[in-house]
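# Structural description and commentary
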Amino acid sequence: MDELRNFDLNLLIVFEAIYSAGNVSHAAKLLNQSQPTLSNSLSRLRAIVNDPLFVRRSNGVEPTPKAISMIGPVREALQIIRTGVSGGGAFDPDQDKRHFRLVMLDQLEPILLPEIVRAIQGKRNVTFEMLHIAYEPVIEGLNDGSLDLVLAPHFPEAKEIEQETIGQANTVMVARKGHPEIDGKVTLEQYQRLGHIALIPKLRAMTRIDEFLRHAGIVRHVTYTSSKFWAFPQMIANTDLIAQLPGDFAREAARYFPLQICDLPFEMPNQEVYMIWKANRTNESSHRWLREQIRQAYQNQRR
């Protein structure tokens, strides 16, 4: 108890910011502090816990085993404090400071985020950080609080994880305009013969496309794989490869690239789009605000 009597809770905020950013300079910008001020706070915390907490690396800092063991309890404690201070009231982006960290397939980012960012772009209190689902330890991030929300078409069942369906996504075929074989329609024979662009296997497992094709006895030849949906339009526009893409994303990409969108040459059920978060964040006012912004953006986009 004596150790906590004069403990500065801001040190935990600094610790969490450096852990999340992996870089002292980036954490200072996130907290709107100078780097010397942040470094001084880190030095004080190091002295209290008797551990360096972070060691320098070429691209930033890396947490020590002690820091790794601390981050989960620290994030949980900060979350409890924020919820208690807010009193369960509504989150006000004009007054309340919040940095949101999300993970999603990048097909959803250009569909959902522009509307949300436009609403807060003039405010300095609310910031967003988008992380790639292929490289982020999602379950661990939700559990330790480093991730606020995940948006994905499929997610495995996990303890104390909430999932909410926000809509459905249909799938279409996309080829370049002027394709030598395709003019507004893709046949099943073309689908199976022509080369495809597809996501890397880890991400395809989330979309379950391979699983569906296997059960349907349909074969496609994947010539090129990428971890980013936004790599597809440029590749399609400059090759004769074709791709099976979410309809919303395909229509957005066709605004900027010379693409033609065609129906699939077979029936395929729509995919559910899920919003996923840790159950203990459900009543957190800023988290409720975020979820409502995403629901509204998705509904507006569908309209």
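Keep in mind it's a predicted model, so treat the numbers as computed, not measured. By convention here, each chain's residues receive numbers from 1 onward along its written sequence. Since the coordinates come from a predicted model, pLDDT governs what is reported: local features require at least 70, and pairs of side-chain atoms require 80 or more to be given and counted, while whole-chain, interface and lining totals use all residues. For side-chain calculations, the full set of non-hydrogen atoms in the structure is used, while hydrogens and water are omitted.

## Points about the packing of aromatic side chains
When we look at a pair of aromatic rings, we describe it by the centre distance and by the angle of the planes. For Phe, Tyr and Trp, rings pair up if their centres lie within 6.5 Å, where Trp contributes its six-membered ring, and each pair is then called stacked (planes under 30 degrees apart), edge-to-face (over 60) or tilted (otherwise). This model, assessed by the stated rule, comprises twelve aromatic pairs. Plain terms: the ring middles of F229 and F232 are 5.3 Å apart, the flat faces sit at 50° to each other, and that makes the pair tilted. Here F229 and F232 have matching classes, each one buried. Members of the aromatic cluster, connected to one another through ring pairs, are F91, F100, F128 and W289. Throughout this description, the term charge over a ring refers to an Arg CZ or Lys NZ atom that lies within 6 Å of the ring centre and within 35 degrees of the ring normal. For R291, the ring lying beneath its charged end belongs to W277, and the centroid distance is 4.5 Å. Relative accessibility thresholds used throughout: buried, under 20% of the residue-type maximum; exposed, over 50%; partly exposed, between the two (1.4 Å probe, protein chains only).

## Description of the sheet that holds strand β7 (residues 171–176)
If DSSP finds at least two bridges between two strands, the strands pair. For the purposes of this entry, the term helix denotes a DSSP run of H or I that reaches at least four residues, the term strand denotes a run of E that reaches at least two, and both are numbered from the N terminus. Taken together, the five strands give an open sheet; going across it, the order is β9-β8-β10-β7-β11, and neighbouring strands pair in mixed fashion. Two strands bound the open sheet, and with one partner strand each, they are β9 (221–226) and β11 (259–262). Direction aside, neighbouring strands of the sheet carry axes that sit 35° apart on average. In this sheet, β9 lies alongside strand β8 (residues 195–199) in parallel orientation, the contact comprising five bridges. Note on definitions: angles span 0 to 180 degrees between N-to-C directions of axes, and those axes are lines fitted to C-alpha atoms, for helices only across the stretch in contact.

## Topic: the pattern of salt bridges
A side-chain nitrogen of Lys or Arg and a carboxyl oxygen of Asp or Glu constitute a salt bridge if their distance falls within 4 Å. If you walk through the whole model with that rule in mind, you get 18 salt bridges. Among the ionic contacts, a cluster of salt bridges with common partners joins R98, D148, R281 and E284.

## Thoughts on helix α6 (residues 109–120)
An α-helix turns once per 3.6 residues; consequently, residues spaced three or four apart project the same way. Between its terminal C-alpha atoms α6 stretches 16 Å, which fits the 16 Å expected from twelve residues at 1.5 Å a residue. Looking at α6, one finds that the buried residues are P110, I111, L112, L113, I116 and I120. Here the expected span of a helix is defined as 1.5 Å times the quantity of residues minus one.

These figures capture arrangement, not role.
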